[in-house]
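Observations on the three-dimensional arrangement
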Amino acid sequence: MFRSAASRLAAVTRPAIAAQKRNLSVHEYISADVLRQHGVKVPRGGVAHTAEEAAEVARQLATDDLVIKAQVLAGGRGKGHFTSGLQGGVKVCYEAAEIPAYAKQMLGSTLITKQTGAAGKPCNTVYVVERLYPRREYYFAILMDRKYQGPVLVGSNQGGVDIETVAAATPDAIKTMPIDIQTGLSREQARQFARDMGFPTKAVDDAAETFIKLYDVFISKDATMVEINPLAEVSTGEVVCMDAKVSFDDNADFRQADVFQLRDTTQEDPREVKAAEAKLNYIGLDGNIGCLVNGAGLAMATMDIIKLNGGDPANFLDVGGSATTQQVTDAFKIISSDPRVSAILVNIFGGIMRCDVIAQGVIEACQTLDLSIPLIVRLQGTKVDEAKKLIRESGLKIVSEDDLDEAAKKAVALSKITQIAREADVNVTFG
């Protein structure tokens, strides 16, 4: 999943403002379509999956002033580069004939930006839009503020650029306005915020109307963030959303099925996709010690104690309080699919979650996956004696440890042994 400018800006401007961690991010063309359905002005455009389709979109727009944008879920597209050799994921075109040529270089290639890392992200679609000419560019976003326990408007008269740089260099240029979620955004509030952002008098009403419609999108679509950069006053005097990013609350997928069915899993870590399918909370990290824990707090503590003992966690994986044996097996499949993982630490505190269920899942996973890396298990709580008996009688080489600090030390030590063996091309198994 990509980190939006709004969520990064929040960390710079006010620590209390933050987008929810679990959300669905969609491509720009989907965000634009959602805005269009709510009466928000956006440039005319269409999506294409082939160069021929891109040419047809350009023909239907009936103008030579066009822009073609690679659709990948990452910021910094304009300054990125493709594995095909093309520089930039956003291209301004001066005649329609340029569109299919650019589309051929973008589609099927990988776009690498400052947010994607070296691996980049695949470009499977392009968005072709009419080119409009802004007179002024602004930044506008709506996101949740934990301090006020509700939505907050964030705006600036310095749009179309890296808003984080603006926030760091000129924090006074960032304007915020908390909104009472019970009463919503009033027209007078919207007008005042437009004035605060520096809209000229003749554009204030149009900007306010745009804010109200965007707020309607935010509430009615269960959004965690609506970000417009830039929001422009164009040459005709109209206020237009030139680029849009909308993220949706995962917990509202049952209400927003039409949006969630448009999720592009090719843009996500495949391990996180599999974890979501198994109803597991998983985030991939850069270390080599896999973690399987129940409870987010315990998971964070487990990663901390691994770091304290000189190791690096490979993931955050919370199986929750009601995991089944199958979910535990699925969790092991996900962790062990990472080639960097050289040891796995299981840390379970059985309250609602029974230790014997975890133990059975661990045993089945080891047998099914033919696990060959060190496995350290620390269990405490409900049904712990039954769990230890299951592990003891399984005949598997599982390191059982009651003390978390000792378990972490053994995980780090065994992980290093595995890494040394791999580097020396020596086959060492712990299964």
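Heads up: these notes are all about the structure in this document. (Residues numbered from 1 in each chain as written. Predicted model: local features only at pLDDT ≥ 70, side-chain atom pairs only at ≥ 80, totals over all residues. Heavy atoms only, no water.)

Some remarks on the overall build of the chain
Helices and strands together make up the secondary structure of the chain, namely 14 helices and 20 strands. Summarising the internal contacts of the chain: among those between residues at least 6 apart in sequence, 69% fall at separations of at least 24. For the chain, the accessible surface area stands at approximately 19400 Å², while carbon and sulfur atoms represent 50% of it. Here the chain contributes 48 positively and 55 negatively charged side chains, and the mean placements of these two sets differ by 2 Å. (Helix = DSSP H or I, 4+ residues; strand = E, 2+ residues; numbered from the N terminus. Contact = heavy atoms within 4.5 Å. Areas by Shrake-Rupley, 256 points an atom, 1.4 Å probe, with all protein chains shown as cover. Lys, Arg positive; Asp, Glu negative; His and termini not counted. Charge placed at Lys NZ, Arg CZ, Asp CG, Glu CD.)

What about the state of the cysteines?
By the definition in use, this model includes 0 disulfides. Counting only cysteine sulfurs, Cys 366 is the nearest neighbor of Cys 291, a cysteine outside any disulfide, at a range of 16 Å. When its relative accessible area of 1% is taken as the criterion, Cys 291 is described as buried. Classification of Cys 366 by relative accessible area gives buried; the value is 10%. (Disulfide = S-S within 2.5 Å. Buried < 20%, exposed > 50% of the residue type's maximum accessible area, 1.4 Å probe, protein only.)

Quick notes on the packing of aromatic side chains
With the rule as written, the count across this model stands at 7 aromatic pairs. Aromatic pair Phe 140 and Phe 211: ring centres 4.3 Å apart, planes at 5 degrees, arrangement stacked. Within this pair, whereas Phe 140 is found in strand E9 (residues 134–145), its partner Phe 211 is found in helix H7 (residues 201–220), the two being separated by 71 residues in sequence. Of the two residues examined, Phe 140 and Phe 211, each falls in the buried class. (Phe/Tyr/Trp six-rings, centres within 6.5 Å; stacked < 30°, edge-to-face > 60°.)

A closer look at the packing of helix H11 (residues 325–336) against helix H12 (residues 355–369)
Packing of H11 against H12 brings their axes to within 8 Å, and their N-to-C directions diverge by 50 degrees. What the angle tells us is that H11 and H12 run oblique. As for the relative orientation of H11 and H12, their crossing is right-handed in sense. Residues Thr 325, Val 328, Thr 329, Phe 332, Lys 333 and Ser 336 of H11 form the contact with H12, whose participating residues are Val 357, Ile 358, Gln 360, Gly 361, Val 362, Glu 364, Ala 365 and Leu 369. Across the contact of H11 with H12, the residue classes tally to 7 nonpolar, 5 polar and 2 charged. (Axes fitted to C-alpha atoms, helices over the stretch in contact; angles between N-to-C directions. Parallel < 35°, antiparallel > 145°, perpendicular 65-115°, else oblique. Left-handed = near helix turned anticlockwise from the far one by under 90°. Nonpolar A, V, L, I, M, F, W, Y, C, P; charged D, E, K, R; others polar.)

Focus: the pattern of salt bridges
All chains considered together, the criterion is met by 28 salt bridges. Of the charged contacts in the structure, one is a salt bridge between Glu 188 and Arg 195, with a shortest N-O distance of 3.0 Å. Residue Glu 188 is classed as partly exposed on the basis of its relative accessible area, which comes to 47%. Look at Arg 195 and you get partly exposed, because its relative accessible area is 34%. A salt bridge links Asp 258 to Lys 221, with the shortest nitrogen-to-oxygen separation between them at 3.5 Å. Taken together, the residues span a long stretch of sequence, with Asp 258 in helix H8 (residues 257–260) and Lys 221 in the loop between H7 and strand E12 (223–234) at a distance of 37 residues. A residue is classified by how much of its surface remains accessible, and Lys 221, at 11% relative accessible area, is buried. One continuous salt-bridge network, built from bridges that share partners, spans Glu 28, Lys 69, Arg 77 and Asp 243. (Salt bridge = Lys/Arg side-chain N within 4 Å of Asp/Glu carboxyl O.)

A closer look at unusual backbone geometry
In this structure, Pro 230 follows Asn 229 across a cis peptide bond, with omega equal to 10 degrees. Among the secondary structure elements, Pro 230 is positioned in strand E12. Even without being a glycine, Gln 149 presents a positive backbone phi close to 55 degrees. Residue position: Gln 149 is located in the loop between E9 and strand E10 (150–156). What makes Gln 149 exposed here is its relative accessible area of 68%. One non-glycine residue with positive phi stands out, namely Lys 383, at about 60 degrees. Inspection of the secondary structure assignment puts Lys 383 in the loop between strand E19 (375–381) and helix H13 (384–394). Overall, the relative accessible area of 38% leaves Lys 383 in the partly exposed class.

Section: the sheet that holds strand E2 (residues 45–48)
The 4 strands lie next to each other as E2-E8-E3-E5, forming an open sheet whose pairing is antiparallel. The sheet is open, and its two edges are formed by E2 and strand E5 (90–93), each paired on a single side. Direction aside, neighbouring strands of the sheet carry axes that sit 20 degrees apart on average. The sheet contact formed by strand E3 (residues 66–70) and strand E8 (residues 126–130) spans 5 bridges and is antiparallel. Paired with Lys 69 across the bridge in E8 is Tyr 127. (Pairing = 2+ DSSP bridges.)

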